[in-house]
Amino acid sequence: MRLSHTLAPTLKETPAEAQIVSHRLMLRAGLVRQTAAGIYAWLPLGWRVLQNIARIVREEQDAVGAQEMLMPTIQPAELWRQSGRYDAYGPEMLRISDRHDRDILYGPTNEEMITDIFRQSVKSYRELPQMLYHIQWKFRDEVRPRFGVMRGREFLMKDAYSFDLDYAGAVVSYRKMMLAYMRTFQRLGLKAIPMEAESGPIGGNLSHEFIILAPTGESQVWYDAVFEEMDFAAGRIETDAELEQFFAQMTTPYAATDEKHDAATWAQVTNQREGRGIEVGHIFYFGTKYSTPMGLTIAGRDGAPIAPHMGSYGIGVSRLVGALIEANHDDAGIIWPDPVAPFRAVILNLKPGDPACDRMCEDLYARFRGGALYDDREERAGVKFADADLMGHPWQIVVGPRGAAGGRVELKRRAGGERQELDIDAALAKIG
RNA sequence: CGGGGCGUGGCGCAGCCUGGUAGCGCGCGUGUUUUGGGUACACGAGGCCGCCGGUUCGAGUCCGGCCGCCCCGACCA
C-alpha cells in the first residue's frame, strides 16, 4: 500500500477519551476509530493486524483437529429459552425484536446454537468426538466499556465447542485445546500462563483462563518461573499420554490471579515471579449442561441415548490486539511482533521527487509485491520517521538521497532500534 | 448500576463564574523556505459552541430536561 492513499490517520496528540497505552496508540496509529461506546471500526492497518491474529488462531485450532465453521451473529431467543439462559443471562445480552415482533438477540456466545446444529445432524457415537469453532463478532452490553478494544461491547472472538461421549473424552478435548492455546500465544510472541479459574456464568467445573504477561496488565499475577522457559514449538504432543504429561506440566506449577492467590502455597514456590496480566482466553468443560436441557442425544453402542459431554473455548481476538500493544510498545509507539504486524516493512522515501530515491523505492516496493507499506507522502523526513515508529512495522527501509546515489539503504529494526546501511539485496535478505 | 467529570472547526484546549460580533496550538489547502528525526514565514479554508425548551433586547455563557462520552467502583473474552 502507498501511504499517500491509505486511510491511516495518525495523530500527533492523544484523543481525550483514551486512557491506557494500547487504546492511545491504536487511535494515534490510525488502527481503529470509535463508533460508539465500546464499538470500533477497524481501519485498514488495524484490520490487517486483526486478520493476522485470526490466521494464527485458526492454524492452531486446525492443528488440533478443530473444524472451522461460521455461525450467525443474530440468534432466535427460542434457543436460549430451551437452555434456560434467556432469563438467566441478564442485561449484558442485547435483546432485539424483528418486524414481526419475534424476540431475537445479538449473540454473546454460541453454546445454544452449536448444540442445536449438532443435535439436528449427529446421531451416532461413531461420529464423536468432534470439535468445532468459528471466529465471529459477539456483543455483550457491558455496563461500562473501557480500555478501547480490550473491553469493548462488540468484539471478535474465536469460540470452539467440543462434543465427547463421556467425561474422559471431554478431558482429552480440553487438553488439546489447552495445547492449541499455548502454541497460539507463543506464536503471537506472548508469554501466556494458564490459571485455574472460576467457571463463571457459563457454568462447569474444569476451567482455566489464559493470562498474558504485560507490565500494564489489569490484574496482579503470581507464578512459578518455569512458565517463562516453556517452548511449545519443539516436541510432538499427540498421544493421550503425551497430552496428559503436557497438561500436568501446565497445571502443576503455581500460577494464580488475585482471586485465587493463596499465600501459604505461594510461600513454598522456589522461583517466584510476580507481574501484571491480561486475560485473553478461557476454556471450560461443562458436561451436559446444554445437551441435556436441549435434548441433544446420540445413540450409544448399545443403542441407548447418550448426552454428549461438552466444553467451550474462547480467545478474545480483538482484545489480543490491545493486549499485544500493552506488551509491545515504547515511548515512540507500537512495536509489532513480526507475525502480526500490519506490514513486515515500511519503505521511507525521504525525498519524493528525487529520481534516484523514487526509482529505488519503486523497485523495492515492487519486490515486496504488496507486502510492504510505501511511505511516498510529501512529508518531512522527521514526520515519516515518527509515523513509522508509531505504527510499529518491524522493519524500516530508509531511502534517502545520500544512500540512493550509492545504491544503499538504511535498514532499521523497530524493536531495539539497530540500524545499518546495506545494499538492497542484503536488506531484503535480512528482512526475509 | 452507585460515585465523579466532560461535550466549543479534524485533534488538544481557552472562553462560561461576571450574558454583548467565537479564540489559541496542532492538523488541513496554496506559495515561498527547509531537506536524514514532527522546519520557518505568509495567505487561506473550516464552527446551528451535543440536542430541545426556558429566562433575556440579546445565550457558548444563566435555568430545566434529554442525549453522548470518559474516569473510579461492582461485573466480564
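Scroll up to find the structure this text is about.
Predicted model only: the values in this text are computed from it and were never measured.

What to know about the overall build of chain A
Next up, step 1: Along the backbone of chain A there are 14 helices and 23 strands.
Next up, step 2: Expressed as lengths along the three principal axes of its C-alpha atoms, the size of chain A is roughly 80 × 60 × 40 Å.
Next up, step 3: Burial status across chain A gives 54% buried among its 432 residues.
Next up, step 4: A sequence separation of at least 24 residues applies to 71% of the contacts in chain A between residues at least 6 apart.
Next up, step 5: Accessible area of chain A: about 19,100 Å², with a carbon and sulfur share of 49%.

Comments concerning the pattern of salt bridges
Next up, step 1: Evaluation of the coordinates by the stated rule reveals 26 salt bridges.
Next up, step 2: Measuring nitrogen to oxygen at the nearest pair gives 3.4 Å for the salt bridge that ties aspartate 338 to arginine 344.
Next up, step 3: By relative accessible area, which is 31% here, arginine 344 ends up partly exposed.
Next up, step 4: With its nearest N and O atoms 3.1 Å apart, the salt bridge here joins aspartate 389 to lysine 412. Of this pair, aspartate 389 sits in helix H12 (residues 381-391) while lysine 412 sits in strand E22 (residues 408-413), placing them 23 residues apart in sequence.
Next up, step 5: Each member of the salt-bridge network shares a partner with another, and the members are Arg55, Glu59, Glu60 and Arg187.

Observations regarding the protein's contact with RNA strand B
Next up, step 1: By nearness alone, 42 residues border RNA strand B, and Arg144, Arg151, Glu279, Arg380 and Asp389 come closest of all.
Next up, step 2: Among the atoms of RNA strand B close to the protein, meaning within 4 Å, 45% are from sugar or phosphate groups.
Next up, step 3: Elements with a minimum of two residues in the surface near RNA strand B: strand E1 (32-36), strand E13 (272-287), H12, helix H13 (401-405) and E22.
Next up, step 4: With seven residues, the top contributor of residues to the surface near RNA strand B is H12.

A few points about the sheet that holds strand E4 (residues 74-76)
Next up, step 1: With antiparallel pairing, three strands are arranged side by side in an open sheet as E4-E6-E5. Lying at the two open borders of the sheet, with one neighbouring strand each, are E4 and strand E5 (94-97). With direction set aside, neighbouring strand axes in the sheet form an average angle of 35°.
Next up, step 2: Alignment of E5 against strand E6 (residues 103-106), held across four bridges, turns out to be antiparallel. Bridge assignment links isoleucine 96 to a residue of E6, and that residue is isoleucine 104.

Points about the layout of surface pockets
Empty pockets left among the atoms are what a rolling probe the size of a water molecule brings to light.
Next up, step 1: In this structure, the largest pocket encloses a volume near 1,100 Å³.
Next up, step 2: Looking at the largest pocket, it is lined by 43 residues, and the ones nearest its centre are Arg140, Glu209, Glu279, His282 and Arg319.
Next up, step 3: Contributing elements (two or more residues each) for the lining of the largest pocket: strand E8 (154-164), strand E10 (206-213), E13, strand E16 (309-316) and helix H10 (317-327).
Next up, step 4: Residue composition of the lining of the largest pocket, grouped by class: 16 nonpolar, twelve polar and 15 charged.

Considerations on unusual backbone geometry
Next up, step 1: Cis geometry marks the peptide bond from leucine 128 to proline 129; its omega dihedral reads 0°.
Next up, step 2: Examined against the element boundaries, proline 129 turns out to sit in the loop between helix H5 (111-121) and strand E7 (130-139).
Next up, step 3: A positive phi angle, near 70°, is found at aspartate 101, a position not held by glycine.
Next up, step 4: Relative to the helices and strands, aspartate 101 is located in the loop between E5 and E6.
Next up, step 5: With a relative accessible area of 61%, aspartate 101 lands in the exposed category.
Next up, step 6: Even without glycine at this site, arginine 369 takes up a positive phi of about 50°.
Next up, step 7: Checked against the element boundaries, arginine 369 lands in the loop between helix H11 (355-368) and strand E20 (372-375).

Concerning empty space enclosed by the protein
Next up, step 1: In total, this model carries one cavity of 30 Å³ or more according to the counting rule given.
Next up, step 2: Every residue lining the largest cavity is listed: Tyr40, Trp42, Trp137, Val149, Glu154, Phe155 and Ser318.
Next up, step 3: Of all the elements in the fold, those that place two or more residues in the lining of the largest cavity are strand E2 (39-42) and E8.
Next up, step 4: Considered class by class, the residues forming the lining of the largest cavity number five nonpolar, one polar and one charged.

Description of the packing of aromatic side chains
Next up, step 1: Counted according to the given criterion, the structure contains 13 aromatic pairs.
Next up, step 2: The interplanar angle of 80° and the centroid separation of 5.6 Å between the aromatic rings of tryptophan 80 and tyrosine 89 together place this pair among those described as edge-to-face. Of the two residues, tryptophan 80 and tyrosine 89, both sit in the buried class.
Next up, step 3: Their ring planes at 55° and their centres at 6.3 Å tell us that tyrosine 174 and tyrosine 313 sit as a pair that is tilted. Of this pair, tyrosine 174 sits in helix H6 (residues 167-187) while tyrosine 313 sits in strand E16, placing them 139 residues apart in sequence.
Next up, step 4: For tyrosine 174, a relative accessible area of 0% translates into the label buried.
Next up, step 5: Judged by its relative accessible area of 2%, tyrosine 313 is buried.

A short note on the pairing of E2
Next up, step 1: For E1 and E2, the ladder comprises four bridges, and the chain directions are antiparallel. Bridge pairing in E2 places glutamine 34 opposite tyrosine 40.
Next up, step 2: Connecting E1 to the antiparallel partner E2 that follows it, the hairpin turn spans two residues, and glycine 38 within it adopts a positive phi of roughly 75°.

Topic: the nonpolar core
Next up, step 1: Among the nonpolar cores identified, the biggest contains 84 residues, and Leu31, Ile53, Phe185, Leu188, Phe246 and Trp336 are the most heavily contacted of them.
Next up, step 2: The dominant element in this core, judged by the number of residues it contributes, is H6, at ten residues.
Next up, step 3: Composition of this core by domain shows at least three residues from each of domain 1 (3-333) and domain 2 (343-431).
Next up, step 4: If we skip the residues at most four places from it in the chain, leucine 31 touches Met26, Ala41, Trp42, Leu43, Leu45, Gly46, Ile325, Ile334 and Trp336.
Next up, step 5: Counting residues in hydrophobic clusters, the runner-up holds 24 residues, among them Tyr86, Tyr89, Leu105 and Tyr161.

Thresholds, definitions, all that
Residues numbered from 1 in each chain as written. Chains lettered and ligands numbered in written order. Predicted model: local features only at pLDDT ≥ 70, side-chain atom pairs only at ≥ 80, totals over all residues. Heavy atoms only, no water. Helix = DSSP H or I, 4+ residues; strand = E, 2+ residues; numbered from the N terminus. Buried < 20%, exposed > 50% of the residue type's maximum accessible area, 1.4 Å probe, protein only. Contact = heavy atoms within 4.5 Å. Areas by Shrake-Rupley, 256 points an atom, 1.4 Å probe, with all protein chains shown as cover. Salt bridge = Lys/Arg side-chain N within 4 Å of Asp/Glu carboxyl O. Near = heavy atom within 4 Å. Pairing = 2+ DSSP bridges. Axes fitted to C-alpha atoms, helices over the stretch in contact; angles between N-to-C directions. 1 Å grid on protein atoms, 1.4 Å probe; cavity = no way out; pocket = protein on both sides within 12 Å on 5 of 7 lines; lining within 4 Å. Points joined across faces, edges and corners; volume = space filled by probe spheres on them. Nonpolar A, V, L, I, M, F, W, Y, C, P; charged D, E, K, R; others polar. Phe/Tyr/Trp six-rings, centres within 6.5 Å; stacked < 30°, edge-to-face > 60°. Core = buried A, V, L, I, M, F, W, Y, C linked by side-chain atoms within 4.5 Å. Domains from an automatic or database assignment.

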